[in-house]
Number of protein chains: 4
Amino acid sequence: MVKKDKPKYKQIIDAAVIVIAENGYHQAQVSKIAKQAGVADGTIYLYFKNKEDILISVFEEKMGVFVSELEKIIAKDASAADQLGMMINSHFSLLASDLHLAIVTQLELRQSNHDIRMKINNVLRGYLKLMDRILVSGIETGEFDQNMDIRLARQMVFGTMDETITTWVMNDHKYDLVELAPKVQRLLLKGMQA
Amino acid sequence: MVKKDKPKYKQIIDAAVIVIAENGYHQAQVSKIAKQAGVADGTIYLYFKNKEDILISVFEEKMGVFVSELEKIIAKDASAADQLGMMINSHFSLLASDLHLAIVTQLELRQSNHDIRMKINNVLRGYLKLMDRILVSGIETGEFDQNMDIRLARQMVFGTMDETITTWVMNDHKYDLVELAPKVQRLLLKGMQA
Amino acid sequence: MVKKDKPKYKQIIDAAVIVIAENGYHQAQVSKIAKQAGVADGTIYLYFKNKEDILISVFEEKMGVFVSELEKIIAKDASAADQLGMMINSHFSLLASDLHLAIVTQLELRQSNHDIRMKINNVLRGYLKLMDRILVSGIETGEFDQNMDIRLARQMVFGTMDETITTWVMNDHKYDLVELAPKVQRLLLKGMQA
Amino acid sequence: MVKKDKPKYKQIIDAAVIVIAENGYHQAQVSKIAKQAGVADGTIYLYFKNKEDILISVFEEKMGVFVSELEKIIAKDASAADQLGMMINSHFSLLASDLHLAIVTQLELRQSNHDIRMKINNVLRGYLKLMDRILVSGIETGEFDQNMDIRLARQMVFGTMDETITTWVMNDHKYDLVELAPKVQRLLLKGMQA
DNA sequence: GATGAATGAGGCTTCATTCAT
DNA sequence: TATGAATGAAGCCTCATTCAT
């Protein structure tokens with residue numbers, strides 16, 4: 001049984017999300033995370049190399065859910081347009097159902113230093129690669145514009161989703177994010193369709 | 001003559017951009033900015049209330065150029081589609097011509113804490129309001145989709161531009177950003193047109 | 001059967017010597033010693049009161065060999081000058097044959113704190129008392145200077161041996177330490193002879 | 001005016017000696033040294049790179065006095081035997097007149113880690129080189145044994161002095177160290193003379 | 001006897017800001 | 001105005017020791 005499977009590992013990850021969301025990135029001291037997790041400060045270091053390791057693991061663990069959801073969607077026998085819609089819906093739903101996580105990924109984790117951000121980007125890259133597969137298949141089936149620049153399209157898709165979610169978080173989740181998904185889908189589809 | 005018109009004010013602002021771009025947000029100490037500006041540490045505090053004030057002023061001063069450029073574009077007698085294109089072009093050009101500024105706005109300043117980011121967003125809001133005017137006029141003239149959600153459309157426009165620029169910065173400006181402007185314009189227009 | 005006779009006791013002592021020699025005093029954590037000894041961390045505390053107790057015991061156990069060798073030499077029917085020579089030779093030989101031990105006694109154990117060093121000195125005192133007996137017998141037989149200050153002479157003898165060995169250890173045992181013994185003996189004898 | 005000439009530099013060095021002597025090496029926290037020096041913790045770092053730098057500087061500054069005294073002695077037109085005596089006397093006197101310093105150099109500073117000890121040894125080496133010059137000149141003038149091994153002789157001289165002083169310090173300076181100097185000189189001279 | 005997961009105290013260092021000159 | 005020496009609060013991490021199994 002490796003560390004990641006032990007209950008305290010996930011306990012600390014979840015505590016970190018809560019502490020960061022409620023106190024902000026720069027006020028998320030290790031001692032606060034330990035307290036929230038119900039363990040001693042030193043115990044943290046039995047499961048994580050250092051504070052940076054906690055933050056990256058938070059992103060890895062949580063992003064893992066996004067990736068596996070997206071993999072399920074891609075495995076489905078559906079049109080690229082529908083897959084795009086399911087992806088947006090899945091992405092929005094996951095964050096709307098965990099407000100702490102939304103704050104952490106959209107606002108707080110972006111305050112981390114260069115090193116951490118680079119490592120977070122590596123994790124994100126896996127997600128973006130999956131996203132590309134939907135776009136490529138859409139082009140192949142003729143659903144999407146043959147001349148579309150994949151990278152640019154992916155930046156539009158991700159940028160729009162990201163901006164939409166960030167605005168929603170910054171407005172204190174005053175409105176329903178998931179309801180926006182179909183609209184976002186339509187907007188993006190129009191931009192990409194053949 | 002107010003502080004903002006004195007030469008040392010701009011001198012410190014410019015020094016801050018360089019120091020942040022070259023050292024990263026978290027390594028941009030006040031003393032480094034002072035040294036780069038050629039003044040003593042204490043002198044900074046004759047022109048700025050505190051470090052936060054420097055950072056927000058950097059954004060205000062530099063954003064001012066974006067805003068006035070956009071105002072000129074809106075004042076022109078052109079179609080909404082053309083204005084959108086000119087805006088993207090202007091936005092891309094301003095950042096492509098000042099790599100330090102691009103690094104600072106796309107990467108480094110986003111590491112600032114919650115308070116500073118909120119204040120930066122207030123400044124940004126003015127720019128987004130102007131952007132909305134292009135979208136509204138496009139809808140009114142029938143160029144853009146009547147049923148389009150303005151906020152969503154603006155998030156798509158800004159999110160796409162932002163993601164495109166950030167990717168370009170992170171790839172060390174290896175390709176020509178301004179060349180991408182027409183492609184981005186076409187992609188966004190397709191998504192919004194009637 | 002007392003603790004000291006149990007196999008794990010000596011096992012831990014020997015592990016401590018190796019770990020301290022190879023990692024340095026300040027990097028010789030209890031957990032490393034336990035690992036080297038092939039026991040669990042907690043097991044250490046079944047044989048030793050605390051870490052300090054391990055270190056003092058290391059010195060006691062190893063010094064015991066020096067003492068018993070010296071006792072054999074003193075029991076011999078030889079001149080004081082010869083006994084001095086045999087002592088130097090024995091002292092040098094024991095350390096030359098156990099490089100780990102030489103590093104530990106000459107360099108690493110001296111980094112220990114005040115308390116431990118005082119306790120180590122108590123152990124050392126027994127050895128120095130034996131050394132004094134050679135000097136006293138040399139004075140009585142007329143071999144050594146009648147007016148010689150015993151304490152000073154002992155400090156010269158021990159100080160010279162110690163400095164010689166430490167220099168040898170610090171030079172990575174590049175030359176043969178035991179070969180130096182007769183020269184050291186002659187030098188010291190000249191200083192002490194009648 | 002360089003840092004070393006500023007009054008606070010020496011103030012901190014002297015404070016460090018007192019704090020280390022009175023509290024022991026491992027209880028000599030930077031904050032204690034700052035308090036003893038009458039400055040804020042942060043001020044220490046305007047004069048020293050880090051804690052290690054303080055400790056090495058203590059040794060350098062204090063050793064500097066020993067070196068310059070020894071240089072004066074070597075410059076004198078005296079026999080090697082007399083110079084040896086003057087050196088021992090000077091060395092003993094300097095430590096006997098500053099009990100704090102004696103504790104620090106003979107006991108506490110030896111607890112420092114490998115890095116610091118190596119740097120301290122570099123400083124010490126300069127002193128030992130000067131010592132060698134007395135021995136060499138004694139051999140050249142025929143005062144000392146032509147066949148004497150210089151390194152061994154130096155180890156005897158330094159080892160004897162060091163052991164004598166350490167014993168004196170450990171016995172809480174109960175007797176007069178300087179009074180021992182002539183006796184030590186005679187003992188060592190006998191060992192080295194032709 | 002043996003284990004090893006858990007504990008928690010403790011200190012070096014940075015850097016925004018002040019204020020006497 | 002301008003200076004820059006001085007301030008002092010605040011947090012990550014290590015590791016000897018314990019104790020439930």
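Residues numbered from 1 in each chain as written. Chains lettered and ligands numbered in written order. Predicted model: local features only at pLDDT ≥ 70, side-chain atom pairs only at ≥ 80, totals over all residues. Heavy atoms only, no water.

- Going by the annotation in an unreviewed UniProt entry, the name recorded for chain A is TetR/AcrR family transcriptional regulator, with Planococcus maritimus given as the source organism.

1. Let's talk about the interface of chain A and chain B
1) Next: The partner chain B presents 37 residues to the 36 residues of chain A that form the contact.
2) Next: Overall, the association of chain A and chain B removes approximately 3,000 Å² of surface from exposure, summing both partners, and the carbon and sulfur fraction of that is 59%.
3) Next: In terms of surface lost to chain B, no three residues of chain A exceed Leu152(A), Leu187(A) and Lys190(A), which account for 21% of the buried area on that side.
4) Next: On the surface where chain A and chain B come into contact, there are 10 residue pairs in polar contact (both at pLDDT 80 or more).
5) Next: Counting residues per element, the ones that place at least two in the side of chain A that touches chain B are α6 (99-108), α7 (114-140), α8 (150-170) and α9 (177-192) of chain A.
6) Next: Per element, the largest residue contribution to the side of chain A that touches chain B is 12 residues, and it comes from α8(A).
7) Next: Residue composition of the side of chain A that touches chain B, by class: 14 nonpolar, 13 polar and nine charged. (Contact = heavy atoms within 4.5 Å. Buried area = accessible area lost by both parts, 1.4 Å probe. Polar contact = N/O pair within 3.5 Å; in protein donor to acceptor, adjacent residues only side chain to side chain. Helix = DSSP H or I, 4+ residues; strand = E, 2+ residues; numbered from the N terminus. Nonpolar A, V, L, I, M, F, W, Y, C, P; charged D, E, K, R; others polar.)

2. Quick word on the arrangement of the chains
1) Next: The smallest C-alpha distance separating chain B from chain C is 32 Å, and no contact links them.
2) Next: No part of chain A reaches chain D; the closest C-alpha pair between them is 22 Å apart.

3. What about the relation of the copies chain A and chain B?
1) Next: The transform that puts chain A on chain B rotates by 178° and translates by 0.2 Å along the axis, for an RMSD of 0.2 Å. In symmetry terms, the pair is related by a two-fold rotation axis.
2) Next: Most of the interface of chain A is mirrored in chain B, where 100% of its interface residues are also at the interface. (Least-squares fit on C-alpha atoms with pLDDT ≥ 70 in both.)

4. Details of the side chain of Thr160(D)
1) Next: Here Thr160(D) is to be found in helix α8 (residues 150-170).
2) Next: Since its relative accessible area comes to 1%, Thr160(D) is described here as buried.
3) Next: Among the polar contacts made by the side chain of Thr160(D), one reaches the main-chain carbonyl oxygen of Met156(D) at a distance of 2.6 Å.
4) Next: In this structure, Thr160(D) is in contact with Gln155(C), Met156(C), Gly159(C), Thr160(C), Gln155(D), Val184(D) and Leu188(D), ignoring residues within four places of it in sequence. (Buried < 20%, exposed > 50% of the residue type's maximum accessible area, 1.4 Å probe, protein only.)

5. Observations concerning the side chain of Thr166(D)
1) Next: When you line up the elements, Thr166(D) lands in helix α8.
2) Next: Setting aside residues no more than four positions away along its own chain, Thr166(D) makes contact with Gln106(D), Leu107(D) and Arg110(D).

6. Some details on the protein's contact with DNA strand E
1) Next: Around DNA strand E, the surrounding shell holds 28 residues, and the nearest of these are Thr43(A), Tyr47(A), Thr43(C), Gln29(D) and Val30(D).
2) Next: Among all atoms of DNA strand E positioned within 4 Å of the protein, those belonging to sugar or phosphate total 72%.
3) Next: Taking Tyr47(A), its side chain carries an N or O atom lying 2.6 Å from a phosphate oxygen of DNA strand E.
4) Next: The contact in question runs from a phosphate oxygen of DNA strand E to an N or O atom on the backbone of Ala40(C), over 3.0 Å.
5) Next: Of all the secondary structure elements, the ones that give two or more residues to the surface near DNA strand E are α3 (41-47) of chain A, α3 (41-47) of chain C together with α3 (41-47) of chain D.
6) Next: Taken together, the residues of the surface near DNA strand E break down into 12 nonpolar, 10 polar and six charged. (Near = heavy atom within 4 Å.)

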